[in-house]
Amino acid sequence: MNFQNLKKSFSEMRGQSAAISYANAGLVVMLGVSLWGNFQKDTVVINNLNESCQESEISSSSMNEANHRRLGFYLAGMLGNITPASASYVESAVAPFASPEIYHKVNDLIAYQIASLVEEEVTMKFSAERAFVEDGKTFVTGKGSMQGMTGKADKYVRTYEFIFDVQNYTPTFDYIDVYDDVPHDSEWKQKNRKKLEADK
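In what follows, the accompanying structure is described.

Reading guide: rules and limits
- Residues numbered from 1 in each chain as written.
- Predicted model: local features only at pLDDT ≥ 70, side-chain atom pairs only at ≥ 80, totals over all residues.
- Heavy atoms only, no water.
- Helix = DSSP H or I, 4+ residues; strand = E, 2+ residues; numbered from the N terminus.
- Contact = heavy atoms within 4.5 Å.
- Areas by Shrake-Rupley, 256 points an atom, 1.4 Å probe, with all protein chains shown as cover.
- Core = buried A, V, L, I, M, F, W, Y, C linked by side-chain atoms within 4.5 Å.
- Buried < 20%, exposed > 50% of the residue type's maximum accessible area, 1.4 Å probe, protein only.
- Axes fitted to C-alpha atoms, helices over the stretch in contact; angles between N-to-C directions.
- Parallel < 35°, antiparallel > 145°, perpendicular 65-115°, else oblique.
- Left-handed = near helix turned anticlockwise from the far one by under 90°.
- Nonpolar A, V, L, I, M, F, W, Y, C, P; charged D, E, K, R; others polar.
- Pairing = 2+ DSSP bridges.
- Expected span 1.5 Å × (residues − 1).
- Arc of directions from axis to C-beta.

Turning our eyes to something else, we now look at the overall build of the chain. A tally of regular secondary structure across the chain gives six helices and six strands. Along the chain, from the amino end to the carboxyl end, the secondary structure elements read α-β-β-α-α-α-β-β-β-β-α-α. Taking contacts inside the chain between residues at least 6 apart in sequence as the whole, the part at least 24 apart equals 45%. Of the roughly 13900 Å² of accessible surface on the chain, a fraction of 55% belongs to carbon and sulfur atoms.

This part is about the nonpolar core. With 29 residues, the main nonpolar core has Leu75, Val94, Tyr160, Phe164 and Phe173 as its most contacted residues. Secondary structure elements with two or more residues in this core: helix H2 (65–80), helix H3 (87–94), helix H4 (103–119), strand S3 (123–134) and strand S5 (153–167). If we ignore the near neighbours within four places in the chain, the residues touching Leu75 are Val94, Phe97, Phe162, Phe164 and Phe173.

Right, let's get into the packing of H2 against H3. Put simply, H2 and H3 touch, their axes get as near as 9 Å, and they point 150 degrees apart. The orientation of H2 with respect to H3, classified from their angle, is roughly antiparallel. As H2 packs across H3, the resulting crossing turns out to be left-handed. Counting all contacts with H2, which are made through Tyr74, Leu75, Met78 and Leu79, the residues of H3 involved are Tyr89, Val90, Ala93 and Val94. Grouping the constituent residues of the contact of H2 with H3 by class yields eight nonpolar, no polar and no charged.

Looking now at the sheet that holds S5. The sheet built from four strands is open, its strands ordered S3-S4-S5-S6 with antiparallel pairing. Looking at the sheet topology across the chains shown, the edges are occupied by S3 and strand S6 (170–179). Here the average twist between neighbouring strands, direction ignored, is 25 degrees. Direction of pairing for strand S4 (residues 137–147) relative to S5: antiparallel, over a ladder of ten bridges. Across the sheet, the residue bridging to Gln147 is Ala153, located in S5. Its contacts with the sheet place H2 against S3, S4, S5 and S6, and it is angled at close to 165 degrees to S3.

Take the pairing of S6 next. As defined by bridge partners, S5 adjoins S6 across nine bridges and the pair is classed as antiparallel. Within S6, the position partnered with Val166 by the bridge is Pro171. With antiparallel pairing between neighbouring strands as the criterion, S5 and S6 make up a hairpin whose turn holds two residues, including Asn168 at a positive phi of roughly 55 degrees.

Over its 17 residues, H4 runs 24 Å from end to end, which matches the ideal 24 Å to within 8%, given 1.5 Å per residue. Here H4 has its buried residues at Val106, Asn107, Ile110, Ile114 and Leu117. Around the axis of H4, the buried residues are gathered within 95 degrees of arc, so they sit on the same side. Those residues of H4 that are exposed and aimed more than 90 degrees away from the buried face are His104, Lys105, Asp108, Tyr112 and Glu119. The inward-facing, buried residues of H4 abut H2, H3, S3 and S6. Following H4 by one or two positions, Glu121 adopts a phi angle in the positive range, close to 55 degrees.

Set out below in structure tokens:
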């Protein structure tokens, strides 16, 4: 038996075993870093149904500005277009978007207003013309009308204000205001600063 060759083969095997051990350790470290990075990263869902649509991005705690405008358009359209026949659907469609903190208050208010519209057989129409986001608040403005049993329509300019939040990929609003006027944004507040100070 050639002990010299056996010794040499054994040394080569030990060297290969050490190299494999180091490689495995390196792979384990890389896998650990990769897993840690994935758990730290907030997953973003991007929905682009067709080329004419803007990208829709939503994560577990936020959404892009386009989604704020979309959701504002949707809710303003639902709240602004009510007939006696669609009243119950509007109530069930809008209430789930209210955050838990204001859900009961919003639900009761919508139910009360809708009941009044149904009782008086009033039809509301609203066409959104503009939506924008400023300082975290979404403004949706458009023209609307309200028509009762007399058939006469009262026309107005109406603005819906929302503050949206996202929790666990679920968008909700925790603030809503509706008024018959142009948006009360920073430009409007600057122009009406004296009046606002006098009203305080």
